[in-house]
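Structure assessment
Chain by chain, the residues run as shown.
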Amino acid sequence: MKTKQFFFAALAIAMLATSCKENSFNPQVKVPDPEGTITVKVRNADNGKTIVEYMFYITKSNNFTGYYSGYEFVDYGAVRGLGNVVSIPKSGWADQVAVIPGHGYVMRHLSNGYYKYIRLYVVEEIVGANTNGGIIGAVVKYQYPFEPTK
């Protein structure tokens, strides 16, 4: 009888530990960059306009925008890295969003009737030496395609 009780107690503890681990995601705990992460220096439209894979660029006002119409973004908020962007937001989609260091983003576009997703993370601003400290772009990490875990 004690063996059965021990088995069920151990099973209950294992299930509780697994469910707590799944629900304990914390965007402020840095996790490694996911496989396939690409890091690029993206210059804004006033300073060379780097277009990343014909998907997005940074405007003169330092906002992310899509290269083609129909691309949308959500600011995921302050996170510790690209690996902390793990799900697709249900609301907040916009044509442009401010580029903010330390923030994660999800970008989407419609392709053949289905959304395809890209996740982004702004590592830091790029400041121009000849611009009196003006922002000329950002160092961005991204992954495409992004298939969320949540």
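Now for a description of the structure that goes with this document.

A closer look at the side chain of histidine 109
- Within the fold, histidine 109 resides in strand E6 (residues 103-111).
- Taking the relative accessible area as the measure of exposure, histidine 109 reaches 10% and is therefore buried.
- Within polar-contact distance, the side chain of histidine 109 engages the side chain of tyrosine 144 at 3.4 Å.
- If we ignore the near neighbours within four places in the chain, the residues touching histidine 109 are Gly70, Tyr71, Tyr114, Tyr115, Lys116, Ile118 and Tyr144.

Re the pattern of salt bridges
- By the definition in use, this model includes two salt bridges.
- A salt bridge links lysine 141 to aspartate 33, with the shortest nitrogen-to-oxygen separation between them at 2.6 Å. Taken together, the positions of lysine 141 in strand E8 (residues 135-143) and aspartate 33 in the loop between helix H1 (2-23) and strand E1 (38-43) put the pair 108 residues apart, joining distant regions of the chain.
- For aspartate 33, a relative accessible area of 31% corresponds to the partly exposed category.
- The salt bridge partner of arginine 108 is glutamate 72, with a shortest N-O separation of 2.7 Å.

Observations concerning the sheet that holds strand E3 (residues 63-66)
- Ordered in space as E2-E3-E5, the three strands form an open sheet in which the pairing is antiparallel. Where the open sheet ends on each side, the last strands, each with one partner, are strand E2 (56-58) and strand E5 (96-98). For this sheet the average axis-to-axis angle between neighbouring strands, irrespective of direction, equals 25 degrees.
- Relative to E3, E2 is paired through three bridges, and the arrangement is antiparallel. Along E3, the bridge assignment pairs tyrosine 57 with threonine 65.

Thoughts on the environment of phenylalanine 146
- With respect to the helices and strands, the residue phenylalanine 146 is situated in the segment after E8.
- In sequence terms phenylalanine 146 and valine 86 are 60 residues apart; their C-alpha atoms lie 9.0 Å from each other.
- Other than its neighbours up to four places away in sequence, phenylalanine 146 contacts Val85, Val86, Ser87, Ile88, Val106, Tyr117, Ile118 and Arg119.

Describing the pairing of E6
- The buried fraction of E6 amounts to eight of the nine residues, a majority that puts the element mostly inside the structure.
- Linking E6 to strand E7 (residues 114-127), which pair antiparallel, is a turn of two residues; within it asparagine 112 sits at a positive phi near 55 degrees.

Details of the packing of aromatic side chains
- Scanning the entire structure with this criterion turns up nine aromatic pairs.
- Between tryptophan 93 and tyrosine 117 the ring centres are 6.5 Å apart and the planes differ by 45 degrees, which places this aromatic pair in the tilted class. Here tryptophan 93, found in the loop between strand E4 (72-78) and E5, pairs with tyrosine 117, found in strand E7; they are 24 residues apart in sequence, far enough to count as distant. Of the two residues, tryptophan 93 and tyrosine 117, neither departs from the other in class, the shared state being buried.
- By way of ring pairs, the aromatic residues Phe56, Phe64, Phe73, Tyr105 and Tyr142 are connected into one cluster.
- Sitting over the face of the ring of tyrosine 57, lysine 49 holds its NZ or CZ atom 4.3 Å from the ring centroid.

A word on unusual backbone geometry
- Each neighbour pair has its own omega, and for tyrosine 144 with proline 145 the value is 0 degrees, a cis peptide bond.
- Within the element layout of this structure, proline 145 appears in the segment after E8.
- One non-glycine residue, asparagine 62, adopts positive backbone phi at about 60 degrees.
- The exposure class assigned to asparagine 62 is buried, which follows from its relative accessible area of 19%.
- A positive phi angle, close to 55 degrees, is found at asparagine 112, a residue other than glycine.

Here is what the cut-offs are and how they apply
- Residues numbered from 1 in each chain as written.
- Predicted model: local features only at pLDDT ≥ 70, side-chain atom pairs only at ≥ 80, totals over all residues.
- Heavy atoms only, no water.
- Helix = DSSP H or I, 4+ residues; strand = E, 2+ residues; numbered from the N terminus.
- Buried < 20%, exposed > 50% of the residue type's maximum accessible area, 1.4 Å probe, protein only.
- Polar contact = N/O pair within 3.5 Å; in protein donor to acceptor, adjacent residues only side chain to side chain.
- Contact = heavy atoms within 4.5 Å.
- Salt bridge = Lys/Arg side-chain N within 4 Å of Asp/Glu carboxyl O.
- Pairing = 2+ DSSP bridges.
- Axes fitted to C-alpha atoms, helices over the stretch in contact; angles between N-to-C directions.
- Phe/Tyr/Trp six-rings, centres within 6.5 Å; stacked < 30°, edge-to-face > 60°.
- Lys NZ or Arg CZ within 6 Å of the ring centre and 35° of its normal.

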